[in-house]
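The lines below spell out each chain.
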Amino acid sequence: MGLKQLVVHLDRNSVKFQRVVDNEATDEFHFTFTDKTDFGYKDQLDAFLTKTDFRTMDWDEYSLSWYSEKSTLLPYAIFGTTDLTLAFQLSFGKNTDENDIDFNRIPEHTLVNLYEIPMWVKSFFVTRFPRIVIQHVGTHAIRGAFNGGTFGLKITLLPFHNHFLLMAVKNNDLAFYNIYDFQSKEDVYYHLAHLVQQQNWKSDKGTVVISEPISDYKLFEGLQTDWNKIELFSKLTLQSNPQLMTQYQQFCV
């Protein structure tokens, strides 16, 4: 049997566990949290692991993709001389516990992803899977996008509960990265249209790839209904890749 990887997609609303063997997901479990306290998260995850054999299975690699809407990118030059707590508070205010502020280095792009992650995530998963690599989903999106060819324009759209991550790569450069609130597909249209206009990409051919790691919003189906009617997006091809972020996790272990 080939390489066996435990892949976890997690946010404050739901979790998905996958067993990936030689780049193919062979088992998958997804559930929504009902008790959203620190103890409640751990209790529900423990109950799940008790019902399955994921904890005792033979694994070669472990990875977890955590989503929080509080994520910002810092250049290496700033990261080395900046108080990370102050930098985080400058972007998101002072409502986050200092112990919940963490970062991922992305050396190939001389960037650091500064983000919020509750302590219960690390304490639960590291205790049970000591070799697990925990990173923000934005880190996976950036590193994964550059693993293959990135010539031309590629926009990645990742919907989560009430938020979506919007990222654009053009001609081997990270051109855009941000996270927005949304309640409907019209909110997504608004921010995507603003990005295309702001960057003067109306005449550029490219792709918009949607992947929903753990949400069930079915955004692709919603946008697909009237995508071709929007002139501003006439050069952009809309695609869906449900396993994109699972594939990207495999580049980050």
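Please read all numbers here as calculations on a predicted model, not as lab measurements.

Reading guide: rules and limits
Residues numbered from 1 in each chain as written. Predicted model: local features only at pLDDT ≥ 70, side-chain atom pairs only at ≥ 80, totals over all residues. Heavy atoms only, no water. Helix = DSSP H or I, 4+ residues; strand = E, 2+ residues; numbered from the N terminus. Rg over C-alpha atoms; globule rule 2.2 N^0.38 Å. Buried < 20%, exposed > 50% of the residue type's maximum accessible area, 1.4 Å probe, protein only. Contact = heavy atoms within 4.5 Å. Areas by Shrake-Rupley, 256 points an atom, 1.4 Å probe, with all protein chains shown as cover. Lys, Arg positive; Asp, Glu negative; His and termini not counted. Charge placed at Lys NZ, Arg CZ, Asp CG, Glu CD. Pairing = 2+ DSSP bridges. Axes fitted to C-alpha atoms, helices over the stretch in contact; angles between N-to-C directions. Salt bridge = Lys/Arg side-chain N within 4 Å of Asp/Glu carboxyl O. Core = buried A, V, L, I, M, F, W, Y, C linked by side-chain atoms within 4.5 Å. Arc of directions from axis to C-beta. Polar contact = N/O pair within 3.5 Å; in protein donor to acceptor, adjacent residues only side chain to side chain.

**Topic: the overall build of the protein**
Then comes step 1: Helix and strand counts for the protein stand at eight helices and 13 strands.
Then comes step 2: In summary, the protein has a C-alpha radius of gyration of 18 Å against a globular reference of 18 Å for 253 residues, a match within 12%.
Then comes step 3: Reported as C-alpha extents along the three principal axes, the dimensions of the protein are approximately 50 × 45 × 35 Å.
Then comes step 4: Per-residue burial over the protein gives 52% buried out of 253 residues.
Then comes step 5: Of all intrachain contacts in the protein linking residues separated by at least 6 positions in sequence, the fraction that spans at least 24 positions is 62%.
Then comes step 6: Just so you have it, the protein exposes about 12300 Å², and 47% of that area is on carbon and sulfur atoms.
Then comes step 7: Charged side chains of the protein number 23 positive and 31 negative; the gap between the two group centres comes to 3 Å.

**A short note on the sheet that holds strand β1 (residues 4-10)**
Then comes step 1: With mixed pairing, the five strands of this open sheet are ordered in space as β3-β2-β1-β4-β8. Of all the strands in the sheet, just β3 (24-32) and β8 (133-136) have a single pairing partner and so form its edges. For this sheet the average axis-to-axis angle between neighbouring strands, irrespective of direction, equals 15°.
Then comes step 2: Taken together, the seven bridges between β1 and strand β2 (residues 14-21) define a ladder with antiparallel strand orientation. Counted as the bridge partner of glutamine 5 is valine 20 from β2.
Then comes step 3: Packing of helix α4 (residues 119-128) onto the sheet brings it into contact with β1, β2, β4 (61-66) and β8, and relative to β1 it is tilted by some 160°.

**Notes on the pattern of salt bridges**
Then comes step 1: All told, the structure shown has 10 salt bridges when counted by the stated rule.
Then comes step 2: Between lysine 16 and glutamate 28 there is a salt bridge, with its nearest N and O atoms 3.9 Å apart. With lysine 16 in strand β2 and glutamate 28 in strand β3, the pair connects residues that are 12 residues apart, well separated along the chain.
Then comes step 3: Exposure remark for lysine 16: the relative accessible area of 10% places this residue in the buried category.
Then comes step 4: A relative accessible area of 41% places glutamate 28 in the partly exposed class.
Then comes step 5: Members of the salt-bridge network, linked through shared partners, are Lys4, Asp58 and Asp60.

**Structural notes on the nonpolar core**
Then comes step 1: Core analysis: the largest hydrophobic core is formed by 26 residues, its most contacted members being Ile155, Leu166, Leu223, Trp227, Phe233 and Leu236.
Then comes step 2: Broken down by secondary-structure element, the contributors of at least two residues to this core are β9 (153-160), β10 (163-170), β11 (173-181), α6 (185-198), β12 (206-210), α7 (219-224) and β13 (236-240).
Then comes step 3: Setting aside anything within four residues of it in sequence, one finds leucine 236 in contact with Leu153, Ile155, Val196, Asp204, Gly206, Thr207, Val208 and Trp227.
Then comes step 4: Counting 24 residues, the second-largest nonpolar core is a separate cluster that includes Phe17, Trp59, Leu64 and Val121.

**Considering α4**
Then comes step 1: Listed as buried for α4 are Trp120, Val121, Phe124, Phe125 and Arg128. Looking straight down α4, one finds its buried side chains confined to an arc of 105°; they lie on one side.
Then comes step 2: At its buried positions, α4 is contacted by β1, β2, α1 (38-51), β4 and β8.

**Details of the environment of glutamine 243**
Then comes step 1: Relative to the helices and strands, glutamine 243 is located in the loop between β13 and α8 (244-249).
Then comes step 2: Owing to a relative accessible area of 27%, glutamine 243 belongs among the partly exposed residues under this scheme.
Then comes step 3: As for glutamine 243 and valine 20, which are separated by 223 residues in sequence, their C-alpha atoms are 11 Å apart.
Then comes step 4: With residues near it in sequence (within four places) discarded, glutamine 243 still touches Gln18, Ala25, Glu28 and Ser211.
Then comes step 5: Polar side-chain contacts of glutamine 243 include one of 3.1 Å to the side chain of glutamine 18.

**What about the pairing of β3?**
Then comes step 1: Bridge analysis of β2 against β3 gives eight bridges, and the strand direction is antiparallel. For serine 14, the partnering residue across the bridge sits in β3 and is threonine 32.
Then comes step 2: Between the antiparallel neighbours β2 and β3 lie two residues, among them aspartate 22 with a positive phi of about 50°.

**So, the sheet that holds strand β6 (residues 101-106)**
Then comes step 1: Strand order in the open sheet formed by three strands is β5-β7-β6, and the pairing between neighbours is antiparallel. Two strands lie at the open edges of the sheet, namely β5 (71-75) and β6, each paired on one side alone. For this sheet, the mean angle separating the axes of adjacent strands, direction not counted, is 25°.
Then comes step 2: Relative to strand β7 (residues 111-116), β6 runs antiparallel, the two being bridged by six bridges. Bridge pairing links phenylalanine 103 to leucine 114 in β7.
Then comes step 3: Taken strand by strand, helix α5 (residues 137-145) contacts β5, β6 and β7, and its axis lies near 5° from that of β6.

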